Number of protein chains: 2
Amino acid sequence: MAGFKGLDFDAANCPVRDVLDHLAGKWTTLLLIMLAERPHRFGELRRGLPDISQRMLTQSLRDLQRDGLVSRHVHPTVPPSVEYRLTALGGSLLEPLAALITWAADNHATIRSAREAFEQATAA
Amino acid sequence: MAGFKGLDFDAANCPVRDVLDHLAGKWTTLLLIMLAERPHRFGELRRGLPDISQRMLTQSLRDLQRDGLVSRHVHPTVPPSVEYRLTALGGSLLEPLAALITWAADNHATIRSAREAFEQATAA
DNA sequence: CTGGATCCAAAATGATACTG
DNA sequence: CAGTATCATTTTGGATCCAG
C-alpha cells in the first residue's frame, strides 16, 4: 500500500510535480472534468465556471495544452470559435484522478469534522 | 471513464478542493510519501527534504494534522522529540494517490516532450 | 467571440533570528 | 530538538482595457 520506494521524488526534477502542479491550480482540475464530459468552447467553459476570470481561463487552458492534456481547435468562422477537448493523454489522466475524487467525496465529512475538532483543540 | 456527473464541483464548497489543496502544496505530498514508509521525526523529515524551510515544514505538518491525515506524538524527553505518523485516514489516501503517482511516472516523458514541442511551436 | 497585455492585490514561500 | 515570529520575496489571481 506504499510502494513508493523506487520512485524519484527529488524536489527539483520530480516527475510527480509536473502532474501535481496541474491539480494544484484553482481551475485546471475543474477544466479537465468539464472537458471529460465533452469538448467545450471557450465561452462555455467560462460560463461553466462562473467565478473564473478570463485571464485564468486562458492561462489554465494554455498550461493544459502545453503539456498535451488538452487540444485546441480553431474554427475559422466569423466570429471565431475555439473548441477545447481532452487528448488521449488527458483522458488517461481521468482514471487515477477519478479515484482521488472518489476518495475526497467519501472522506469529506471525516476531514471536515477532524478540522473542526482541531480548531477547537487549538482555540484554547 | 468519466463518471463525474453526479459530483459536486461548486468551486466554493467543494469537497474535492479540501483534498486537492493538500496535493497542491509544494510539500504536503512529499511528506505523505515519506510518512507512508514509516513514522518520522521532525528533523528526519527536514533532512529528507533538503530544500524545505523549517517554516514550511512546520506549517505543512500542521495542515496535515489539522485534517486528520497525520498525527503528532510528543515524547517528553530532553531534548524533546516529536514523531509524526500517518493516521488511518492518511493511509487510506495513499492508494488513490499512488495511482496518480504511477500515472505521473508513466507519462512523465510524454508530458516533457509535449512541453518541448509546444515551446518550439510558440517560440516563433 | 477569443484572448493578449498591463497593472495591482493577495497569498504562498523563503531567510533569518529567537525561544522552551 | 522542535518549533515561533518577523520580514522580504516570489508567485498567483483578479480587474480592466485593447485587438483580431
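- The name an unreviewed UniProt entry gives chain A is MarR family transcriptional regulator, with Rhodoplanes elegans as the organism.

## Some thoughts on the overall build of chain A
Here is step 1 of the chain: Across its full length, chain A holds five helices and three strands.
Here is step 2 of the chain: For chain A, the α and β elements follow one another from N to C terminus as α-α-β-α-α-β-β-α.
Here is step 3 of the chain: Counting across all 124 residues of chain A, residues that qualify as buried make up 45%.
Here is step 4 of the chain: Expressed as a percentage of contacts within chain A between residues at least 6 apart in sequence, the contacts between residues at least 24 apart total 42%.
Here is step 5 of the chain: Summed over its atoms, the accessible surface of chain A is roughly 6,500 Å², and 52% of this surface lies on carbon and sulfur atoms.

## Description of the relation of the copies chain B and chain A
Here is step 1 of the chain: Superposition of chain B onto chain A requires a rotation of 180 degrees combined with a translation of 0.0 Å along the rotation axis, giving an RMSD of 0.1 Å. Each copy turns onto its partner about a two-fold axis. Identified as the residue of chain B closest to the rotation axis by C-alpha distance is Ala24 of chain B, at 1.8 Å.
Here is step 2 of the chain: Interface overlap between copies is the fraction of interface residues in one copy that are interface residues in the other; for chain B against chain A it reaches 100%, indicating a shared surface.

## Some points on the protein's contact with DNA strand C
Here is step 1 of the chain: For DNA strand C, the set of nearby residues contains 20 residues, the closest of which are Phe42, Gly43, Arg72 and Tyr84 of chain A together with Gln54 of chain B.
Here is step 2 of the chain: Backbone atoms, meaning sugar plus phosphate, form 59% of the atoms of DNA strand C positioned within 4 Å of the protein.
Here is step 3 of the chain: The side chain of Gln54 of chain A places a nitrogen or oxygen atom 2.9 Å from a base oxygen of DNA strand C.
Here is step 4 of the chain: A distance of 2.9 Å separates a base nitrogen of DNA strand C from a polar side-chain atom of Gln54 of chain B.
Here is step 5 of the chain: Sorting the residues of the surface near DNA strand C by element identifies helix H3 (42–48), helix H4 (54–66) and strand S3 (81–86) of chain A together with helix H4 (54–66) of chain B as the ones contributing at least two each.
Here is step 6 of the chain: For the surface near DNA strand C, the element with the highest residue contribution is H4 of chain A, accounting for four residues.

## Regarding the environment of Arg41 of chain A
Residues and elements named next belong to chain A.
Here is step 1 of the chain: Among the structural elements, Arg41 can be located in strand S1 (residues 40–41).
Here is step 2 of the chain: Exposure remark for Arg41: the relative accessible area of 43% places this residue in the partly exposed category.
Here is step 3 of the chain: Each C-alpha atom of the pair Arg41 and Tyr84 lies 6.0 Å from the other, and the pair is 43 residues apart in sequence.
Here is step 4 of the chain: Here Arg41 is in contact with Pro80, Ser81, Val82 and Glu83, once residues within four sequence places are set aside.

## Considerations on the packing of helix H2 (residues 28–37) of chain A against helix H5 (residues 88–123) of chain A
All names here are of chain A.
Here is step 1 of the chain: Between H2 and H5, whose axes approach to 12 Å, the crossing angle comes to 115 degrees. Seen along the crossing, H2 lies across H5 with a hand that is left-handed. Along its contact with H2, which presents Thr29, Leu32, Ile33 and Ala36, the element H5 presents Leu93, Leu94, Leu97 and Ile101.
Here is step 2 of the chain: Considered class by class, the residues forming the contact of H2 with H5 number seven nonpolar, one polar and no charged.

## Regarding the UniProt feature "domain: HTH hxlR-type" (unreviewed entry) in chain A
Here is step 1 of the chain: Summarizing the sequence annotation, UniProt attributes the feature "domain: HTH hxlR-type" (unreviewed entry) to residues 14–112 of chain A in the numbering used throughout.
Here is step 2 of the chain: Span residues 14–112 of chain A is 66% helix and 14% strand, its end C-alpha atoms 31 Å apart.

## Considering unusual backbone geometry
One can expect most non-glycine residues to show negative phi and most peptide bonds to be in trans.
Here is step 1 of the chain: The omega torsion of the bond from Val78 of chain A to Pro79 of chain A falls at 0 degrees, within 30 degrees of zero and hence cis.
Here is step 2 of the chain: Along the chain, Pro79 of chain A turns up in the loop between strand S2 (70–75) and S3.

## A few points about the sheet that holds strand S2 (residues 70–75) of chain B
Here is step 1 of the chain: The strand order S1-S3-S2 (chain B) describes an open sheet built from three strands, whose pairing is antiparallel. In the strand order of this sheet, the two ends are held by strand S1 (40–41) and S2 of chain B, each with one partner.

## Comments concerning the sheet that holds S1 of chain A
Residues and elements named next belong to chain A.
Here is step 1 of the chain: Here we have three strands laid out as an open sheet, ordered S1-S3-S2, and antiparallel in their pairing. Edge positions in the sheet fall to S1 and S2, since each of these pairs with one other strand and no more.
Here is step 2 of the chain: Here S1 pairs with S3 via two bridges, running antiparallel. By the bridge assignment, His40 is partnered in S3 with Tyr84.

## Describing the protein's contact with DNA strand D
Here is step 1 of the chain: In the neighbourhood of DNA strand D, 19 residues make up the surrounding shell, with Arg55 of chain A together with Arg41, Gly43, Arg72 and Tyr84 of chain B lying closest.
Here is step 2 of the chain: In DNA strand D, atoms within 4 Å of the protein come from the sugar-phosphate backbone in 63% of cases.
Here is step 3 of the chain: Val82 of chain B is positioned with one of its backbone polar atoms (N or O) 3.3 Å from a phosphate oxygen of DNA strand D.
Here is step 4 of the chain: Looking at the surface near DNA strand D, the elements with two or more residues in it are H4 of chain A together with helix H3 (42–48), H4 and strand S3 (81–86) of chain B.
Here is step 5 of the chain: Its residues assigned to classes, the surface near DNA strand D comprises eight nonpolar, six polar and five charged.

Rules behind the numbers
Residues numbered from 1 in each chain as written. Chains lettered and ligands numbered in written order. Predicted model: local features only at pLDDT ≥ 70, side-chain atom pairs only at ≥ 80, totals over all residues. Heavy atoms only, no water. Helix = DSSP H or I, 4+ residues; strand = E, 2+ residues; numbered from the N terminus. Buried < 20%, exposed > 50% of the residue type's maximum accessible area, 1.4 Å probe, protein only. Contact = heavy atoms within 4.5 Å. Areas by Shrake-Rupley, 256 points an atom, 1.4 Å probe, with all protein chains shown as cover. Least-squares fit on C-alpha atoms with pLDDT ≥ 70 in both. Near = heavy atom within 4 Å. Polar contact = N/O pair within 3.5 Å; in protein donor to acceptor, adjacent residues only side chain to side chain. Axes fitted to C-alpha atoms, helices over the stretch in contact; angles between N-to-C directions. Left-handed = near helix turned anticlockwise from the far one by under 90°. Nonpolar A, V, L, I, M, F, W, Y, C, P; charged D, E, K, R; others polar. UniProt positions renumbered as here; feature names shortened; annotations may be inferred. Pairing = 2+ DSSP bridges.

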